[in-house]
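Letter by letter, the chains look like this.
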Amino acid sequence: MSGSNSPKSVRTPLGRVRGLGSSHSGTSDFWRQRLTAVAMLLLMIPVIFIVMSVFRSNQAGVAQVLGSPIVAIVMLLFIVASIWHMKIGMQVVIEDYVHDEKIKLISIIGNNFFSAAVALASIYAILKLSSGV
Amino acid sequence: MALSIVHRATGVALYFGTLLLVWWLIAAASGPAAYAHVQAFTGSIIGRLIAFGYTWALIHHAMSGIRHLVWDLGYGFKPSEREWLTWAALIGGIGITILLWIIAYAIGGGR
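Let me begin by describing the structure that accompanies this report. It should be emphasised that the depicted structure is a prediction, and the values quoted were computed from it without experimental measurement.

## Section: the interface of chain B and chain A
Counting from both sides, the interface comprises 34 residues of chain B and, opposite them, 36 residues of chain A. Between chain B and chain A lies a buried interface of about 3100 Å² when both sides are counted; carbon and sulfur atoms form 72% of it. Summed over the three residues of chain B that lose the most area to chain A, namely Arg8, Tyr15 and Leu25 of chain B, the buried surface amounts to 22% of that side. Linking chain B with chain A are 2 salt bridges. One salt bridge in this structure joins arginine 8 of chain B and aspartate 96 of chain A, with 2.7 Å as the shortest N-O distance. Counting across the chain B and chain A interface gives 8 residue pairs in polar contact (both at pLDDT 80 or more). At the level of secondary structure, the elements contributing two or more residues to the side of chain B that touches chain A comprise α1 (3–30), α2 (32–43), α3 (45–72) and α4 (79–107) of chain B. A total of 14 residues in the side of chain B that touches chain A trace back to one element, the largest contributor, which is α1 of chain B. Its residues placed into classes, the side of chain B that touches chain A shows 24 nonpolar, 7 polar and 3 charged.

## Focus on α4 of chain B
An α-helical turn contains 3.6 residues, so a residue and the one three or four places further along point in the same direction. Over its 29 residues, α4 of chain B extends 41 Å from the first C-alpha to the last, a length consistent with the 42 Å expected when each residue adds 1.5 Å. Those residues of α4 of chain B lying buried are Leu85, Thr86, Ala89, Gly92, Gly93, Thr97, Leu100, Trp101 and Ala104 of chain B. In the core, the buried residues of α4 of chain B are packed alongside α2 (28–53) of chain A together with α1 and α3 of chain B.

## Observations regarding the nonpolar core
The biggest cluster of nonpolar side chains holds 43 residues, and the ones touching the most others in it are Val62, Leu66 and Met75 of chain A together with Trp24 and Leu25 of chain B. Other than its neighbours up to four places away in sequence, valine 62 of chain A contacts Val54 and Ser57 of chain A together with Trp24, Ala28 and Tyr35 of chain B.

## Here we look at the packing of helix α4 (residues 69–97) of chain A against helix α5 (residues 101–131) of chain A
The description of two packed helices rests on the angle between their axes and on the distance between the axes. All names here are of chain A. It is at 10 Å that the axes of α4 and α5 come closest, and there the two elements cross at 175 degrees. Classified by the interaxial angle, the pair formed by α4 and α5 is roughly antiparallel. A class-by-class count of the residues in the contact of α4 with α5 yields 16 nonpolar, 7 polar and 3 charged.

## Section: the layout of surface pockets
Of the volumes computed, that of the second largest pocket is approximately 160 Å³. Every residue along the wall of the second largest pocket is listed here: Phe30, Trp31, Arg34, Leu35 and Val38 of chain A together with Leu69, Asp72 and Leu73 of chain B. Secondary structure elements with two or more residues in the lining of the second largest pocket: α2 of chain A together with α3 of chain B. No other element matches the 5 residues that α2 of chain A contributes to the lining of the second largest pocket. Partitioned by chemical class, the residues of the lining of the second largest pocket number 6 nonpolar, no polar and 2 charged.

The rules behind the values
- Position numbers for residues count from 1 along each chain, tracking the sequence in the order it is written.
- Ligands are numbered from 1 and chains lettered from A, in the order in which they are written.
- Local features in this predicted model are restricted to residues of pLDDT 70 or higher, and side-chain atom pairs are both shown and tallied only at a pLDDT of 80 or more, whereas totals for entire chains, interfaces and linings draw on every residue.
- With hydrogens and water stripped out, all remaining heavy atoms of the structure feed into the side-chain values.
- We call two residues in contact whenever any of their non-hydrogen atoms come within 4.5 Å of each other.
- Take the accessible area each of two parts loses on contact, using a 1.4 Å probe, and add the two losses: that sum is the buried area.
- Any Lys or Arg side-chain nitrogen located within 4 Å of an Asp or Glu carboxyl oxygen qualifies as a salt bridge.
- Throughout this description, a polar contact denotes any pair of N or O atoms lying within 3.5 Å of each other; where both atoms belong to protein, one of them has to be capable of donating a hydrogen while the other can accept it, and for residues adjacent in sequence the pair is counted only when both atoms sit in side chains.
- Only DSSP runs of H or I reaching four residues or more are called helices, and only runs of E reaching two or more are called strands; each is numbered from the N terminus.
- For this scheme, ten residues count as nonpolar: Ala, Val, Leu, Ile, Met, Phe, Trp, Tyr, Cys and Pro. Four count as charged, namely Asp, Glu, Lys and Arg, and the remainder, Gly too, count as polar.
- By this rule, a helix spans an expected 1.5 Å times one less than how many residues it contains.
- Accessible area is worked out with a 1.4 Å probe on protein chains only. A residue is then buried under 20% of its type maximum, exposed over 50%, and partly exposed in between.
- Grouping buried Ala, Val, Leu, Ile, Met, Phe, Trp, Tyr and Cys residues that are joined through side-chain atoms within 4.5 Å yields what is termed a nonpolar core.
- Helix axes use the C-alpha atoms of the stretch in contact, all axes being lines fitted to C-alpha atoms, and the angles between their N-to-C directions lie in the range 0 to 180 degrees.
- Our angle categories are set so that under 35 degrees counts as roughly parallel, over 145 as roughly antiparallel, 65 to 115 as roughly perpendicular, and the remainder as oblique.
- Two kinds of site are reported from a 1 Å grid over the protein atoms alone, namely cavities, where a 1.4 Å probe fits but cannot get out, and pockets, open sets with protein on both sides within 12 Å along at least five of seven lines, and residues are called lining when an atom falls within 4 Å of a point.
- Grid points are joined across faces, edges and corners, and a volume is the space filled by probe spheres set on the points.

Given below as structure tokens:
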């Protein structure tokens, strides 16, 4: 790294202090990718336990289990962590392999739409099961 | 070892696999008729293969992910350590997946 007063740097002192770079979000995606990874490692054991407990259930049995508060909260946490994680991961994959600017832009928009739709649909289903309507 | 591309590939597979998760949750929230469709699919040969493959992708991605977290913390960079971590992720992923399905069929709850 060049010194803070290097004549070769075009970064302003304010930009250097903020440390967010050209993306304007700094390392937040990098950090959230790891944060959600650790969250999922912790949540994976109860989630696997929940899925196994309804392995052979009919709809009424599954609805009863998924609608109970603790199970619903664990599932919601896992869904939020996993979809946040996969949205960031897919963006990294797109940025690494898609070099055409237009296709890249469309892919990134599609990634955001897909992730948002999957997240909202899953959360809606859990909340509907929880409210029992 | 070429395991980092497998980490990505399983990640992408899990990404599209969430459609199955959504289908399962929406069907459970919709009612018995919708849920019967999911059960018909997951009970079929193709459905079972996809469910098994999805489990492996999830467990492998998690094991391989732990390896990346270890590296993020600055450990495990010696050649012997790298090899050990990679084999542990590979064998652990397959082993835990098989174990989970044995447990699921043996004592999986419900009905």
